[in-house]
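Secondary and tertiary structure notes
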Amino acid sequence: MGTLCILFAVPVFVAGAAFLRGSALSRSRAWRAVPESEKARVNLRRVNRNLGCIVMLCGAVLLACGLVPGLREAALGPLMALWSVAACADAVFISKSKRYVNTAALAR
């Protein structure tokens, strides 16, 4: 189980780093399907940073559970549940917050 957690942690960490770098969202099929007028309204840099942090947090949880056997046995389920709640709360925050709106595009 420890090897499996580490094995899953590596690609999750890489995906989080890609979001943090700003290259993952722009390559996704879903983002390419969004109309240009909608894309212009989104502050992509902030969204990428936010997604990168939350995905890397998941990778950190998996890596910690893979490296520390006691943590894995006692807390993998609750830690992943806590991460899931945090990710859902973050998604709601992104959708409701004006912080991720590109104000320069709205002024046009």
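These remarks concern the structure in this document. (Residues numbered from 1 in each chain as written. Predicted model: local features only at pLDDT ≥ 70, side-chain atom pairs only at ≥ 80, totals over all residues. Heavy atoms only, no water.)

What about helix α1 (residues 2-21)?
- In a regular helix each residue adds 1.5 Å, so 20 residues correspond to 28 Å; α1 covers 28 Å between its end C-alpha atoms and thus fits that length.
- Of all the residues in α1, the buried ones are Gly2, Cys5, Ala9, Gly16, Ala18 and Phe19.
- Looking at the residues trailing α1, positive phi occurs at glycine 22, about 95°. (Helix = DSSP H or I, 4+ residues; strand = E, 2+ residues; numbered from the N terminus. Expected span 1.5 Å × (residues − 1). Buried < 20%, exposed > 50% of the residue type's maximum accessible area, 1.4 Å probe, protein only.)

Observations regarding the pattern of salt bridges
- Counting across every chain of the model gives two salt bridges.
- Linking lysine 39 and glutamate 36 is a salt bridge whose minimum nitrogen-to-oxygen distance equals 3.4 Å. With lysine 39 and glutamate 36 both in helix α4 (residues 36-40), this residue pair falls three residues apart, about one helical turn.
- Lysine 39 gets classed as buried once you look at its relative accessible area, which sits at 17%.
- The exposure class of glutamate 36 is exposed, given its relative accessible area of 59%.
- Here arginine 41 and glutamate 38 are joined by a salt bridge, their closest N and O atoms 3.5 Å apart.
- What makes glutamate 38 partly exposed here is its relative accessible area of 36%. (Salt bridge = Lys/Arg side-chain N within 4 Å of Asp/Glu carboxyl O.)

Side note on the nonpolar core
- Ranked by internal contacts, the top residues of the largest apolar core, which has 13 residues, are Leu25, Ile54 and Trp83.
- Of all the elements in the fold, those that place two or more residues in this core are α1, α5 (44-67) and α6 (69-96).
- For leucine 25, the residues in contact, after removing those within four places along its chain, are Phe19, Trp31, Leu44, Val47 and Asn48. (Core = buried A, V, L, I, M, F, W, Y, C linked by side-chain atoms within 4.5 Å. Contact = heavy atoms within 4.5 Å.)

A look at α5
- Across its 24 residues, α5 extends 34 Å between first and last C-alpha, which sits within 8% of the 34 Å expected from 1.5 Å per residue.
- What α5 keeps buried is the set Val47, Asn48, Asn50, Gly52, Ile54, Val55, Cys58, Gly59, Val61, Leu62, Cys65 and Gly66.
- Elements in contact with the buried residues of α5: α1, α2 (24-27) and α6.

Some thoughts on a nonpolar patch on the surface
- A contiguous nonpolar patch, built from Leu4, Leu7 and Phe8 and spanning about 320 Å² of accessible area, is present on the exposed surface.
- Position of leucine 4 relative to the elements: it lies in helix α1.
- Residue leucine 4 is classed as partly exposed on the basis of its relative accessible area, which comes to 42%. (Patch = residues over 30% accessible without salt bridge, like charges linked within 9 Å, V, L, I, M, F, W, Y side chains within 5 Å. Areas by Shrake-Rupley, 256 points an atom, 1.4 Å probe, with all protein chains shown as cover.)

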